[in-house]
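So the chains spell out like this:
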Protein chains: 2
Amino acid sequence: MLQKYSYSPKLRTGAVVRDIPVTDAPLPYFSLEDGVFSYRMSDDACVYGLGESVRGINKRGWIYEGWCSDDPFHTEDKRSLYGAHNFLLIDGADRFGVFFDYPTRITFDVGYSDPSLLTVTPGKMNLDVYIITGGSLKDIVREFRSLIGKSYIPPLFAFGYGQSRWGYVTEQDITAVADNHEKAGIPLDMIYLDIDYMDSFKDFTVNRERYPDFEGFVKRMRSRGFHLIPIIDAAVKREEGYSVYDEGHEKGFFCTDENGEDYVVGVWPGMSCLPDFLDPEASAWFGEKYRVLTDAGIDGFWNDMNEPALFYSEKALSAAFHDIKGYEGKTLDALSYFSARDVFTRLSNSQKDYESFFHNAPEGRFVHSDVHNLYGYKMTESAMNALKKLRPDEPTLLFSRASYIGAHRSGGIWTGDNHSWWSHILQSLQQMPGLNMCGFLYTGSDIGGFNGACTRDLLLRWLSFAIFTPLMRNHCAIGNRSQEATAFGDTEAFRHIIELRYRLIPYLYGEFLKAAENDEMYFRPLSFDYEDDPAAREIADQLMVGDRLMIAPVYTQNAGGRNIYLPEDMNLIRMSAGEITCEPVSQGRHYVSVPLGDVVFFSKGKLPLADPAKNTASLDFDRLTYIG
Amino acid sequence: MLQKYSYSPKLRTGAVVRDIPVTDAPLPYFSLEDGVFSYRMSDDACVYGLGESVRGINKRGWIYEGWCSDDPFHTEDKRSLYGAHNFLLIDGADRFGVFFDYPTRITFDVGYSDPSLLTVTPGKMNLDVYIITGGSLKDIVREFRSLIGKSYIPPLFAFGYGQSRWGYVTEQDITAVADNHEKAGIPLDMIYLDIDYMDSFKDFTVNRERYPDFEGFVKRMRSRGFHLIPIIDAAVKREEGYSVYDEGHEKGFFCTDENGEDYVVGVWPGMSCLPDFLDPEASAWFGEKYRVLTDAGIDGFWNDMNEPALFYSEKALSAAFHDIKGYEGKTLDALSYFSARDVFTRLSNSQKDYESFFHNAPEGRFVHSDVHNLYGYKMTESAMNALKKLRPDEPTLLFSRASYIGAHRSGGIWTGDNHSWWSHILQSLQQMPGLNMCGFLYTGSDIGGFNGACTRDLLLRWLSFAIFTPLMRNHCAIGNRSQEATAFGDTEAFRHIIELRYRLIPYLYGEFLKAAENDEMYFRPLSFDYEDDPAAREIADQLMVGDRLMIAPVYTQNAGGRNIYLPEDMNLIRMSAGEITCEPVSQGRHYVSVPLGDVVFFSKGKLPLADPAKNTASLDFDRLTYIG
């Protein structure tokens, strides 16, 4: 059963696609007092949900915020990451789902202040709340998903392997990636273009020194089997003569300050303006700009910096230069020194800036801080609405960093700027079910870690998990050690693992399509499939993938294997040096040896396997063998 | 066998206490080329050691530095923490220990650049290298420990529970801690005084507004069973009229710049000078200052900020105010903005500062950067040398943040400013064996985490591990949520766990004394006791504690238990709501249920248990029961 409770929302977020009448029934489960929703959890209650967030699959014991945050340090103490996914699924004495459709900061205290209390606190009482009850955990998710609309389905090539790096600057850099993977026989479908392909970081431009014949290059790479996937950042450089800026400025398509002047923020291109994606006209205008790249043959994009990330605003920076002078020439004690130091560090993504610019939504003018979480979502929607027109015959690959529920209809997301930490393999695994609940099916992490130094063993283990994630991209930041699958000498182990991904695509893509069509989860905690098994309920480092596959990756350095739990008899499938074997394993707990380079997973029935292929285009879906 | 290789050391670090003749034999295992020691590791080789560092018990797969670092973010990517512990123990095709006695930055690439290569790179070829071979892993450790001298043994009360917080300001704050623990019946021996007990952060002063009768307060608290343990920071406030500064300045006991002027750095008290602990006269002078507090009845100290931590130097700060002006009024692109922002953030602990001041060691004048790792060690030595005279009849509790091998003879260490992260329970466990190898037996982590927000379950689980660490202190930083054992409502579970610690002290303290006397490890990886068991070799989250106890703590949020491995038949000992039970468990792998609040560990033989006691003084060592 789906019930809607409405508390004076100020605008339609667009998260929900079904018109549900507001119920007269009293709000179940929660008490509501002084703007705080409170629910007393039973001792055994698991709390699932919250999509892209830190900590385990069971969210109990921490406090989270729905607040799209550009924060690259994904440590346990963070309350929010790039997405705001306000859906919870409680399974204890009560079983229900609840969605707080609220466009800005909302706090979820899941037993942090009081271990048995769940409190949800929107800043203002302007929201819709949906309560979903009845049936299994899967049923509740299906009902919620039917409320928020069908998930984005990418083209098949988006299930291939992608290589990305901030630091590939020229055509030659990109060509070298293609050459190296071809030479090593490592399948590859996509090579990503990070901010350096642009002219001075200006959206919808190409640096012609680095790519003298971009259109030709795109075509040549495509003929070799590689799709080039450029980045689009949210903000538009303020530069007279740059047509995107000139048009946006003239037409009033940028967010403005309290006086109606374009609000100017510093991001990659320096001083820039923020397209007002909440304004339908501005949104349509920005989306149409992708044509520059689709005309050049581009068939996939990633949208970035759309929380929106603000390094600083013009006004705040100028105030900082003034403030810092107040400290000069004085004898600073430690605390004064810290506050001097913070004059500049506190400029980024500041609440004060978010309170200083405005949007023109159909419902009226809104200060950004009241609609913050919609920004990345609406950018994704802007792009996909246009791409459907620009490339009407084929799906376009699109994913985003920031998101809100609703964005899942227009594109995927990646889980942002993580680190080359072993703990981030597990973190990525644990984020998947929560994201799937909220409709984000096309998702994955930066394999190998975006920031920090990747090691050969970390990459092998990370890949061994990530071959099961729909979005499978190796990505890293400038200044770090190279971490391509070809970067660590002996490439055979990498080839075997990535080849396995391609062999599994008939199953994985098939299960993905089923999940998208039927409003189901591609990744599920074991407890969703084995509701009556108390042991399954506690497993936080294994996942069901589609109908008949279970993964249990190794995510610990120097481990030669791991403990696993089988909720029923299954087949253990092992890929070792390219050879795939299968053996039955009985229900229960086992230790499984998984030498570095092997991949081990489990099946509940026959799995189709394609022949090895160098890319998705050459996969033969008609020639399948079966294992398991 | 112990062999010494000497490469023109410029000074005696004091790490080694035995005079070993330099051998004529060629250096085994390592090739030495261009100042880089290289060893080819066998595929199966485990690399133990490196004391206080990140990552697992087996150090393979990362690059570490011996470099005392004030860095509170103990994430996987860090190369160094507060201590420099340059001992490695390799167990593979070869088995040997190696100690690089080198007083400043040295790099250990343990299969990071090349998975099978260990390279060690001191900055300059001025060091001694000791190679230890023959016998078991334990034998090699024993031989190494006999080289570096006996470990510090604290007084019995130091095995009690301690409560600390930066943020207890007044006598009333301290009294409240005592009252709350007494009221809840939670045993407690020590309450720590962080920087706020001092007058303006000046060493060896007491803020008389906050502690009008400090001596009387110390005495009253002692009569209630509580020892007060004040902090001493390394740097001395530059303030004329403050006798410690005046004396140090007049006598030339501070580190100086290239012109012989006192080098001035900003730390807690603001502008401060650094006592030159490498100068024996200065060291003796500083140590004698502890008298102010021992005369007041104090019998324990912690030395802090002795890497030394530098927030900024007077010179660098003034240059920063100049540099920042170069950015003002310009249109900053992103990279220029980042570099403007870093003008202030890069001031702390800068290499440039470390290269700008000097020590007067017996061997001559040294720039700090050439002897950096000795600073905290020599501060600890300064204190303990004096304390032995000031309090000749009883041992004094002393531990430090920064350390180098050698410091283990004078005091313990704690593992610094960690976070309220679940991963830091495991990190702490994994650091213990490496620290023990290097002689640091009296050690432990900030229970509950120093930075960040602790939760009730985190504290319960952390305590359930930390009852086995010799140093058992709950410590947290100002501005965080309270995390005393009395801070989360229902205190019974906390009381039971901490009471268990006290009941185990006869065993734990006894094993500690044995380890100290016999140059053994109190905490050992399982592989040290079960060398022929390949499964034991891989266990990275269990430890042997003393002769007949094994721990396997839960370190995952929302886990109801964990997988464990028993290398032989043992007894499972469970404390549940204060009741202790025992059951035999057979060799092999098991899943053990450990509800929150229970403590589970394993014994190989009878363990003595004392009756519950409210502090160490009331423990009855003659009245023991036996379990297991």
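Everything below is about the structure shown above.
Thresholds applied
Residues numbered from 1 in each chain as written. Chains lettered and ligands numbered in written order. Predicted model: local features only at pLDDT ≥ 70, side-chain atom pairs only at ≥ 80, totals over all residues. Heavy atoms only, no water. Helix = DSSP H or I, 4+ residues; strand = E, 2+ residues; numbered from the N terminus. Rg over C-alpha atoms; globule rule 2.2 N^0.38 Å. Buried < 20%, exposed > 50% of the residue type's maximum accessible area, 1.4 Å probe, protein only. Contact = heavy atoms within 4.5 Å. Areas by Shrake-Rupley, 256 points an atom, 1.4 Å probe, with all protein chains shown as cover. Pairing = 2+ DSSP bridges. Axes fitted to C-alpha atoms, helices over the stretch in contact; angles between N-to-C directions. Parallel < 35°, antiparallel > 145°, perpendicular 65-115°, else oblique. Left-handed = near helix turned anticlockwise from the far one by under 90°. Nonpolar A, V, L, I, M, F, W, Y, C, P; charged D, E, K, R; others polar. Salt bridge = Lys/Arg side-chain N within 4 Å of Asp/Glu carboxyl O. Buried area = accessible area lost by both parts, 1.4 Å probe. Phe/Tyr/Trp six-rings, centres within 6.5 Å; stacked < 30°, edge-to-face > 60°. Least-squares fit on C-alpha atoms with pLDDT ≥ 70 in both.

**Details of the overall build of chain A**
What chain A contains, in helices and strands, is 15 helices and 37 strands. A compact globule built from 628 residues should have a C-alpha radius of gyration of about 25 Å, and chain A, at 24 Å, falls within 12% of that. When the backbone C-alpha atoms are referred to their principal axes, chain A occupies close to 70 × 65 × 60 Å. A total of 628 residues make up chain A; the buried ones form 67% of that total. Put simply, 73% of the contacts in chain A that link residues at least 6 apart link residues at least 24 apart. In the form shown here, chain A has an accessible surface area of approximately 20,200 Å², with 48% of it arising from carbon and sulfur atoms.

**A word on the pairing of strand β35 (residues 599-603) of chain A**
All names here are of chain A. Among the five residues that make up β35, five are buried, leaving the element largely enclosed by the rest of the structure. Here β35 shows two buried faces, one formed by Val599, Phe601 and Ser603 and the other by Val600 and Phe602. Of the strand pairs in this sheet, strand β30 (residues 549-551) and β35 are connected by three bridges, and their pairing is antiparallel. Pairing of methionine 550 across the sheet is with phenylalanine 602, part of β35.

**Concerning the packing of helix α5 (residues 280-288) of chain B against helix α10 (residues 375-390) of chain B**
All names here are of chain B. It is at 8 Å that the axes of α5 and α10 come closest, and there the two elements cross at 55 degrees. Taken as axis vectors, α5 and α10 run oblique relative to one another. By crossing handedness, the relation of α5 to α10 is classed as right-handed. Contacts from Ser283, Phe286, Gly287 and Glu288 in α5 reach Lys378, Met379, Ser382, Ala386 and Leu390 in α10. The residue inventory of the contact of α5 with α10, partitioned by class, reads four nonpolar, three polar and two charged.

**Some words on unusual backbone geometry**
With an omega dihedral of -5 degrees, the bond running from glutamate 307 of chain A to proline 308 of chain A counts as a cis peptide bond. If you trace the backbone, proline 308 of chain A turns up in the loop between β18 (300-304) and β19 (312-313). If you check the backbone angles, serine 8 of chain A has positive phi at about 50 degrees while not being a glycine. Inspection of the secondary structure assignment puts serine 8 of chain A in the loop between β1 (2-7) and β2 (31-33). Backbone geometry places tyrosine 29 of chain B, a non-glycine residue, at a positive phi of 70 degrees. Among the secondary structure elements, tyrosine 29 of chain B is positioned in the loop between β1 (2-7) and β2 (31-33).

**Some thoughts on the sheet that holds strand β4 (residues 46-49) of chain B**
Residue and element names in this part refer to chain B. Across the sheet, five strands lie side by side as β1-β11-β8-β7-β4; this open sheet has antiparallel pairing. Sheet topology places β1 and β4 at the edges, where each strand pairs with a single neighbour. Strand-to-strand twist in this sheet, taken as the mean axis angle between neighbours without regard to direction, amounts to 20 degrees. Note: strand β8 (residues 95-101) against strand β11 (residues 127-133), six bridges, orientation antiparallel. Bridged to phenylalanine 99 within β11 is tyrosine 130.

**Looking at the pattern of salt bridges**
Applying the stated criterion across every chain, the model contains 92 salt bridges over all chains. In this structure, glutamate 307 of chain A and arginine 401 of chain A form a salt bridge, with 2.8 Å as the shortest nitrogen-oxygen distance. Placement of glutamate 307 of chain A in the loop between β18 and β19 and of arginine 401 of chain A in the loop between β22 (397-400) and β23 (403-404) is noted, with a sequence separation of 94 residues between them. Across the pair, exposure class does not vary: glutamate 307 of chain A and arginine 401 of chain A are buried alike. With its nearest N and O atoms 3.1 Å apart, the salt bridge here joins aspartate 304 of chain B to arginine 401 of chain B.

**So, the interface of chain B and chain A**
Across the boundary between the two partners, chain B contributes 52 residues, which contact 52 residues of chain A. Summed over both sides, the interface between chain B and chain A buries roughly 4,700 Å², with carbon and sulfur atoms accounting for 59% of that surface. When the buried surface of chain B facing chain A is broken down by residue, Glu76, Phe321 and Tyr337 of chain B rank first, second and third, together holding 13% of it. Where chain B touches chain A, the interface holds two salt bridges. In this structure, glutamate 328 of chain B and lysine 325 of chain A form a salt bridge, with 2.9 Å as the shortest nitrogen-oxygen distance. Broken down by secondary-structure element, the contributors of at least two residues to the side of chain B that touches chain A are β17 (270-273), α7 (314-325), α8 (334-345), β31 (561-566) and β34 (588-593) of chain B. Per-element tally for the side of chain B that touches chain A: the top contributor is α8 of chain B, with seven residues.

**Some thoughts on the packing of aromatic side chains**
Residue and element names in this part refer to chain B. This model, assessed by the stated rule, comprises 104 aromatic pairs over all chains. Here the aromatic rings of tryptophan 62 and tyrosine 112 are separated by 5.3 Å at their centres, their planes lie at 85 degrees, and the arrangement is edge-to-face. With tryptophan 62 in strand β5 (residues 62-66) and tyrosine 112 in the loop between β9 (106-110) and β10 (117-122), this residue pair connects regions lying 50 residues apart in the sequence. Tyrosine 112 shares its class with tryptophan 62; the two are buried. A ring pair is formed by phenylalanine 286 and tyrosine 290, whose centres lie 6.0 Å apart and whose planes are at 75 degrees; its orientation type is edge-to-face.

**Structural notes on the relation of the copies chain B and chain A**
Overlay of chain B on chain A (RMSD 0.0 Å): rotation 180 degrees, translation along the axis 0.0 Å. With respect to symmetry, the two chain copies, as superposed, fit the operation of a two-fold axis. Rotation axis and chain B: the residue whose C-alpha lies nearest the axis is asparagine 563 of chain B, separated from it by 3.6 Å. When you check the interface residues of chain B against chain A, 100% turn up at the interface there too, and the contact is symmetric in its surfaces.

**Here we look at the pairing of strand β16 (residues 264-267) of chain A**
All names here are of chain A. Here β16 shows two buried faces, one formed by Val264 and Gly266 and the other by Val265 and Val267. By the bridge criterion, four bridges tie β16 to strand β17 (residues 270-273) in an arrangement that is antiparallel. Its bridge partner being in β17, valine 267 is matched across the sheet by glycine 270. Hairpin connection between β16 and β17: a loop of two residues separates the two successive antiparallel strands.

**Considering the sheet that holds strand β16 (residues 264-267) of chain B**
Residue and element names in this part refer to chain B. Taken in spatial order, the four strands line up as β15-β17-β16-β19 in an open sheet, and their pairing is antiparallel. Of all strands in the sheet, those bounded by a partner on one side alone are β15 (236-237) and β19 (312-313). Here β16 pairs with β19 via two bridges, running antiparallel. By the bridge assignment, glycine 266 is partnered in β19 with tyrosine 312.

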